[in-house]
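One letter stands for each residue in the lines below.
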Amino acid sequence: MSDNKPVVVYGASGYTGRLVCEYLRELGVPFVAAGRSKDKLVASMAANVPGIETADYEIAEVEHSVEALTELLTGARVVLNTVGPFSKYGPEVVEAALAAGVHYTDTTGEQDWLITCDETYGPDYAEKGLLLAPGIAQMYTTGEIAAEICLEQPGLDTLDIAVFWGGSPTIASTRTILVNAATSKAHYLEQNAYVEFDPNAGLVPLVVPGQHELALSLPWGGTSHPVWYRRDPKVATCKAQGGVFNAALMNGVPQIVAGALEATKDMDPEQRDEALTATAAQVMNQMPPRENPRLNKSLDSVHASGPLGRAHCVIHGNQNYKQTGLLQAYVAYSLLQQPPRRHRSGCQAFGHRELLGQLQAFGLVAEPVVTRQRG
């Protein structure tokens, strides 16, 4: 069905989806803006994607089923999925992309979904020569860029990753956080094996480069980094923490999550999903405003260490959702011209210096600040 448009953005009417469309337009990539409501798609493209009148695109309403999505994706080459929670809605899209012979990426931060992709769907995608790369987003890929810069120094095998941003999560992100907390465990990587975070540990203070005040952090579901680095021979141990700069908001997150868990512990999956959706709506029931670079700042900090060496990389940026939109659009742009380097994460598939260059070219991150100590 998508013979004339090589890229499909699924969930294009959402906050992140429309930013992906915005950058596809800037990169000159024809695309299909797809989702479950044609009316929402038409309204969102017209109101929220600057310059949409100059884009080469079409709109497609599609049922969320493997059959309908396979029909939509047939003839395309890449699907960029922004519809979460991904552990709930991702399987249909991944299975459809595999059936249609299409590369798949998404913006997930759900570690259980990343593990499912890696262990359940990964071998089938690799056999077909297709990229399966969930988790290409600012909260994961920008930190991975910082980690890879550190790992340019040989002999480092341990990663300590922190990511912070300014602003509020979207409606979909808030729901995903609650669903993920209620249905899955968070892990870090220790000597090439997954180890569960203590679910009762609560907030952890972290030193944030560039400010005197400590910031509060959470495992944030464990993030994608331990999953991608589990099969990387350079890295044996990897732990990631993150959060928002707003201390009041961070202090409220564990209470909201704990309350949701207690209230839904005896419910069946359907009842729990309805309850978590209602709780998420109480926390965030409207789209955040378009990002402001003076307010919506991001910071990715990675300490890498080994027996006799150290490296530290800090990447200061802004507008984390726009970073995600650009990263998604660029990987599609790249896949239309050449195959991925490896069938793994964003940096492994496209190169960390290449992705950094794109973020810098669009004014979304500064030059990394790197310090090294060699044995």
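Look up a bit, the structure's there.
Explain the overall build of the chain to me, please; I cannot follow it from the model alone.
Counting secondary structure elements, the chain contains 13 helices and 15 strands. Relative to the compact-globule value of 21 Å for 375 residues, the chain shows a C-alpha radius of gyration of 20 Å, a close match. Taking the principal axes of its C-alpha atoms as reference, the chain extends roughly 55 × 50 × 40 Å. Within the chain, the proportion of its 375 residues that are buried is 55%. Taking all contacts inside the chain whose residues are at least 6 apart in sequence as the whole, residues at least 24 apart take part in 77%. Element-wise, carbon and sulfur atoms account for 50% of the exposed surface of the chain, whose accessible area totals about 15,800 Å². Averaging the coordinates of the 28 positive side-chain charges in the chain and doing the same for the 40 negative ones gives two points 6 Å apart.

How do you make sense of the packing of aromatic side chains when you look at a structure like this?
For any two aromatic rings, the description comes down to two numbers: the centre-to-centre distance and the angle of the planes. Tallied over the full model, the rule gives 8 aromatic pairs. Arranged with centres 5.1 Å apart and planes meeting at 75 degrees, the rings of Tyr15 and Tyr321 form a pair that is edge-to-face. Here the residue Tyr15 occupies a position in helix H1 (residues 15-27), and Tyr321 occupies one in helix H11 (residues 320-335), the gap between them amounting to 306 residues. Residue class for Tyr15 comes out buried when judged on its relative accessible area of 6%. For Tyr321, a relative accessible area of 11% puts it in the buried group. Ring geometry for Tyr188 versus Phe197: centroids 5.0 Å apart, planes at 65 degrees, classification edge-to-face. Stacked on the ring of Tyr188, the Lys or Arg Lys239 has its end atom at 4.2 Å from the ring centre.

I tried to follow the nonpolar core on my own but got confused; where do I start?
A general trend in soluble globular proteins is that nonpolar side chains are found buried together. Within the largest apolar cluster, 56 residues are counted, with the highest numbers of intra-cluster contacts made by Val7, Leu24, Phe31, Leu80 and Leu159. Here the element with the most residues in this core is H11; it accounts for 7 residues. When residues no more than four places from it in sequence are discounted, the contact partners of Leu159 are Ala147, Leu151, Tyr229, Val235, Thr237, Cys238, Lys239, Val302, His303 and Ala304.

Which parts of the structure should I look at to understand the environment of Gly317?
Mapped onto the fold, Gly317 is located in strand E14 (residues 310-318). When the C-alpha positions of Gly317 and Arg230 are compared, they lie 27 Å apart, and in sequence the two are 87 residues distant. Those residues in contact with Gly317 that sit more than four places away from it in its chain are Lys297, Ser298, Gln323, Leu364 and Val365.

Just to check I follow, could you spell out the pattern of salt bridges for this structure?
Side chains carrying opposite charge are able to pair once their charged atoms draw close together. Evaluation of the coordinates by the stated rule reveals 12 salt bridges. A salt bridge links Glu58 to Lys5; the shortest N-O distance between them is 3.6 Å. Here the residue Glu58 occupies a position in strand E3 (residues 57-61), and Lys5 occupies one in the segment before strand E1 (7-10), the gap between them amounting to 53 residues. For Arg341, the salt bridge goes to Glu354, with nearest N and O atoms at 2.8 Å. Placement of Arg341 in the loop between H11 and helix H12 (346-350) and of Glu354 in helix H13 (residues 352-361) is noted, with a sequence separation of 13 residues between them. Judged by relative accessible area, which is 52%, Arg341 ranks as exposed.

Conventions adopted
- Residues numbered from 1 in each chain as written.
- Predicted model: local features only at pLDDT ≥ 70, side-chain atom pairs only at ≥ 80, totals over all residues.
- Heavy atoms only, no water.
- Helix = DSSP H or I, 4+ residues; strand = E, 2+ residues; numbered from the N terminus.
- Rg over C-alpha atoms; globule rule 2.2 N^0.38 Å.
- Buried < 20%, exposed > 50% of the residue type's maximum accessible area, 1.4 Å probe, protein only.
- Contact = heavy atoms within 4.5 Å.
- Areas by Shrake-Rupley, 256 points an atom, 1.4 Å probe, with all protein chains shown as cover.
- Lys, Arg positive; Asp, Glu negative; His and termini not counted.
- Charge placed at Lys NZ, Arg CZ, Asp CG, Glu CD.
- Phe/Tyr/Trp six-rings, centres within 6.5 Å; stacked < 30°, edge-to-face > 60°.
- Lys NZ or Arg CZ within 6 Å of the ring centre and 35° of its normal.
- Core = buried A, V, L, I, M, F, W, Y, C linked by side-chain atoms within 4.5 Å.
- Salt bridge = Lys/Arg side-chain N within 4 Å of Asp/Glu carboxyl O.

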